[in-house]
Amino acid sequence: MPRPAHPPIGLHLARTARTVGRAFDEALAEVGGSMPNWLILISLKSHRLGNQRELADAVGIRGATLTHHLNAMEAEGLVTRRRDPANRRVHQVELTEKGEAAFQSMRGAATAFDQRLRRGLSKEETAAFEDVLDRLRSNISD
């Protein structure tokens, strides 16, 4: 069987995504963060989510996995959870002052990482790349 002229684009994308993901994890770890903590904190900040179910949907993880991360974050003092007075089965999640500080620290690391990724790319190249990524996602969503 002849070798393909180019590696399959999906394989190339997966390898690149893995490399970028690891580097981003390392950047967050340097400021005491992690990818799950960052996703939870940024979702709480940007969406003003009130309960764990909404948060799990926004972060894209299962409820049990979110509970595991929230337990650790609560133990670290980053978030608080309390029962919703209107529905005792629902937990409300809120950032603490320490969680806000952690968010700001990770935000700085995420911004610096994004600038590092964009180094050497023009605005036009970045926009074209984003368009290609959107089309790839659309191709597999159809």
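The rules behind each value
- Residues numbered from 1 in each chain as written.
- Predicted model: local features only at pLDDT ≥ 70, side-chain atom pairs only at ≥ 80, totals over all residues.
- Heavy atoms only, no water.
- Helix = DSSP H or I, 4+ residues; strand = E, 2+ residues; numbered from the N terminus.
- Expected span 1.5 Å × (residues − 1).
- Buried < 20%, exposed > 50% of the residue type's maximum accessible area, 1.4 Å probe, protein only.
- Arc of directions from axis to C-beta.
- Contact = heavy atoms within 4.5 Å.
- Polar contact = N/O pair within 3.5 Å; in protein donor to acceptor, adjacent residues only side chain to side chain.

Asks: Please explain helix 5 (residues 97-118) as it appears in this structure.
Replies: Taking 1.5 Å of rise per residue, the 22 residues of helix 5 would be expected to cover 32 Å, and the 31 Å separating its terminal C-alpha atoms lies within 8% of that figure. Listed as buried for helix 5 are G99, A102, F103, M106, A109, A110 and F113. Along the axis of helix 5, the buried residues cluster in a sector spanning 135°; they form a single face. In helix 5, the exposed positions angled more than 90 degrees off the buried face are occupied by E97 and Q115. Buried residues belonging to helix 5 abut helix 1 (9-29), helix 2 (35-47) and strand 2 (87-95). Near the N-terminus of helix 5, the side chain that reaches the backbone nitrogen of K98, with its oxygen 3.3 Å away, is that of T96. The positive-phi residue at the C-terminal boundary of helix 5 is G120, with phi of around 85°.

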